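An overview of the molecular structure
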Amino acid sequence: MGNKPKSKSKSKADRKERRSAELDEISLLNEWIESQKPDSGSNPLALKPLPDNAPVGRLHDGSFSAYSAATKFSELPLSKKTMDALKKAGYVNMTEIQRASLPHALCGRDVLGAAKTGSGKTLAFVIPVVEKLHKERWGPEDGVGSIIISPTRELAGQLFDVLKTVGKFHNFSAGLLIGGRKDVEMEKERVNELNILVCTPGRLLQHMDETPNFECSQLQILVLDEADRILDVGFKKSLNAIVSQLPKHRQTMLFSATQTKSVQDLARLSLKDPEYISVHEKAESATPSRLQQTVMTVPLDQKLDMLWSFVKAHLNSKILVFLSTCKQVKFVYEAFKKLRPGIPLKCLHGRMKQERRINIYSQFCEQRSVLFCTDVAARGLDFNKAVDWVVQADCPDDVASYIHRVGRTARYLSGGRSVLFLTPSEMKMIDKLKAAKVPIQVIKPNMKRLQPVSGLLSSLLVKHSELQELAAKAFIRYMRCIHIQKDKDVFEVKELPIDKFAASMGLPLTPNIRFVKKLKGKQLSVGESSVLELKASIKRQKAETNKLREENLDLPAELLSLNDSEDEDVEKDLLLSKQTETEGIEKSAEFGDAVLPTRISKKKKKLKINIHRPVGTRVVFDEQGNTLPPLARVAGANNDDDLSLLDKDKRDEYYKKMREELMKVDKVDKVLDRQRRRDKRIKEKVKRKRGLGDEEEGSDEDLSGSGADEGTNGRKPKRSKIYFNSDSDDDGETRGEKESAIDDSISLAEQEALALKLLDAMHQ
Ligand SMILES: Nc1ncnc2c1ncn2[C@@H]1O[C@H](COP(=O)(O)OP(=O)(O)OP(=O)(O)O)[C@@H](O)[C@H]1O
């Protein structure tokens, strides 16, 4: 009992001692920072590094070591708590952007930092944030001391994790404020107690507008990560509203791989003589040196074939595929999933629920898989285990967007590869990339290795009407996206093979798009064209905002042969099929010379062997001796009716008939299949009994062992279930959905058989 007051006083004394040690440390750090400040405008990278084992901090003569020449974190004037956290996380040596910016940022200057993707910019601003509040002895009662703004929720989450790592031993409170979370009311209750906010602009503004007593009048540091994006037109209003509520006297830091220097932008943020730190400005390339970048021409109507072929040839890789709209991501993901490429597929876009987005993001961090995504994943994300390939299946909006997308691979010290598909009318993008110091190699696709998928898509679309709807929406969104693009040197709807593209997606008809009709229909007079241009520019602005919304950026080898120079590595790796990956596929099979198996196409080109067709299935040839994909044959039979399909009633009737026929064929198929499986089971049973008899005669132990192994009646698990289980898990689908996914998927053999039967039935 008597001990109690003693221990209380002891802990009080401890606290007092700790506080006084902390105060001493802070005053030493301040003295050190003040005495060795780098000259304003100087580049710390130009200084001679400190010799190894040189004394650090206060020296014998009372002076301090020159931290502006630091190459290691331990040579910087950092608190022990931050140093311990960095050590624990394994950070020892600084990257160039950290060496160049930290000395300036630690002495309180505004910083405008630019460095290549994956070069460690996050620590370059998180460390000064933590240190500033530590030195100010910031506490819960002081309110918001720092705000870090990110354009996307995933990136905000990632920044928050880095902040937690660096601030591990500090006592600040920090909060992640991003849209799409249901607990906004709880957030409102607690947000006033937070010292550091990591947020997206929309959510921050929501709190500024709605949360009682929420204020940031004491703010010390504001950070904009991916600053050029946040200063973009899409965020303009939100950012202006946010900045108007912040005190002008603060430190501001802006970071990005593609930095803004626009005076207007900087004036909006009231930067004071900012330090422009662009460590890779003089570098030979604007992208990481370990990144191998290639580009090839892919006609729009062969894009899906090319993408499918690429995925099939890289089943052991982690691949990020960028498409331009959410709808395309959905369509390609759903369609490819049904075709079962042999690698888990995932998709990420802004229309997904937040929880699902987070799940997909973390699963992709851990797993070999293909992630189809919009630009929501283009910036800042640091996928835990290296991404092997970045595939830009759709052309990026501009050079900056290209740089950020490819920057998801080859991060820090690791290597990576990227390939960009450009349609013939988008080829000017190559000049723009080269002018921006992007070392990109032009390569030619090896059409012999192309695996056409369009025919399969046609059959999928007939079987699954929801997929047809998705395809139509994806088609329309893509066209609109091209239409509203600013850069008309690169993006021009008129140049696109619209009908062929629709057909390549498996669509029986080209969906009607008003603006395309308008563009096609008449030659515009000068007056009309400027009115249209004006309308287009308004649309572009709206679209920019919508795009950000879509992304939920929170507003309320063998396929390729090198063209110029030969690079064997690239050649081999791109679409180099491994033997194991081509199981069930005739190795020597060739496929058509880029013939698109579209239904409406009347061109009869050579199409040799369909490599998807399992050995032994029936092949049907047309009069010229060419094979035809399943539904192209059906369409061929009705070629005369193609035009009449434009009539909605007739089209519906046509589809209804097709579906009925398919259902009939399905029924027959199911009966046959059931019978086949029953026969197989009986055969296996007989075989097992025989085997069992042998074993019984041999040994009892063996018998029990084999019995245990055959807990599933000796049947092998179904291949499709294993695959779809893993995929469905990826999607966070409910059990019911998973099951329907299993039922819905049709194998290639089934598709062929169905189409053949359907053809017979229709002829009859
Ligand atoms: N000093 C360091 N030592 C070791 N690893 C580091 C260091 N600094 C950063 N990294 C690692 O490098 C990777 C990339 O860092 P970061 O995400 O900060 O890059 P970035 O420059 O912000 O990229 P982006 O422009 O794409 O946003 C991360 O995995 C990070 O942990």
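The numbering scheme is per chain: residues are counted from 1 as the chain's sequence reads. Only residues with pLDDT of at least 70 are given local features in this predicted model, and only at 80 or more are side-chain atom pairs given and counted; all residues enter the totals for whole chains, interfaces and linings. Heavy atoms from the whole structure form the basis of all side-chain values; hydrogens and water molecules are not counted.

What follows concerns the sheet that holds strand E4 (residues 196-199). Read from one edge of the open sheet, seven strands run E3-E4-E2-E5-E6-E1-E7, paired in parallel fashion. Only two strands of the sheet have a single partner each, and these edge strands are strand E3 (174-177) and strand E7 (275-278). Neighbour-to-neighbour, the strand axes of the sheet open up by a mean angle of 10°, direction not taken into account. Here E3 pairs with E4 via four bridges, running parallel. Paired with Gly175 across the strands is Leu197, a residue of E4. Working rule for contacts: check all heavy atoms of both residues, and any pair within 4.5 Å makes them a contact. Working convention: axes come from line fits to C-alpha atoms, limited for helices to the stretch in contact. Angles between N-to-C directions cover 0 to 180 degrees. Here a helix means four or more residues in a row that DSSP labels H or I, a strand means two or more in a row labelled E, and each is numbered from the N terminus. The strands touched by helix H4 (residues 121-135) are strand E2 (146-149), E4, strand E5 (221-225) and strand E6 (251-256); relative to E6, the strand with the most contacts, the crossing angle is about 165°. One bridge is not enough; two strands pair if DSSP finds at least two bridges between them.

Another aspect to go through is the site of the ligand. Around the ligand there are 19 residues in total, and Asn93, Gly118, Lys121, Thr122 and Asp382 lie nearest to it. Any N or O atom pair separated by 3.5 Å or less is treated as a polar contact, with the protein-specific requirement of one donor-capable and one acceptor-capable atom, and with residues adjacent in sequence counted only for side-chain atom pairs. A distance of 3.0 Å separates an oxygen atom of the ligand from a polar side-chain atom of Tyr91. Between the ligand and Arg408, the relevant distance is 2.9 Å, taken from an oxygen atom to a side-chain nitrogen or oxygen of the residue. Shrake-Rupley sampling with a 1.4 Å probe provides the accessible areas, and residues are treated as covered by the protein chains on show and by no other component. Protein chains shield 88% of the accessible area of the ligand, which is 640 Å² for the free molecule. At three residues, the largest contribution of residues to the shell around the ligand is made by H4. When residue character is reported, Ala, Val, Leu, Ile, Met, Phe, Trp, Tyr, Cys and Pro are called nonpolar, Asp, Glu, Lys and Arg charged, and the others, Gly included, polar. Partitioning the shell around the ligand into residue classes produces four nonpolar, nine polar and six charged. Any residue with at least one heavy atom within 4 Å of a molecule or strand is counted as near it.

Together, Lys670, Arg674, Arg678, Arg681, Lys685 and Lys689 line one region of the surface with positive charge. Within the element layout of this structure, Arg674 appears in helix H23 (residues 648-698). Type-normalised accessible area, obtained with a 1.4 Å probe on protein chains alone, sets the label of each residue: buried when under 20%, exposed when over 50%, and partly exposed for intermediate values. A residue is classified by how much of its surface remains accessible, and Arg674, at 48% relative accessible area, is partly exposed. Patches here are clusters of residues that have more than 30% relative accessible area and form no salt bridge, with a 9 Å joining cutoff for like charges and a 5 Å cutoff for nonpolar side chains (Val, Leu, Ile, Met, Phe, Trp, Tyr). By convention in these notes, a salt bridge is any Lys or Arg side-chain nitrogen within 4 Å of a carboxyl oxygen on Asp or Glu. Positive charges come from Lys and Arg alone, negative charges from Asp and Glu alone, with His and the N- and C-terminal ends not counted. Charge positions come from single atoms, namely NZ of Lys, CZ of Arg, CG of Asp or CD of Glu.

Our next topic: the pattern of salt bridges. A side chain with one charge may pair with a side chain of the opposite charge, provided their charged atoms come close. According to the stated counting rule, one finds 21 salt bridges in the structure shown. In this structure, Lys80 engages Asp84 in a salt bridge whose closest nitrogen and oxygen atoms are separated by 2.8 Å. Within this pair, Lys80 and its partner Asp84 are both found in helix H2 (residues 80-88), separated by four residues, close to a single helical turn. Given a relative accessible area of 53%, Lys80 falls into the exposed group. When salt bridges with common partners are traced through the structure, they connect Glu22, Lys81 and Arg137 into a single cluster.

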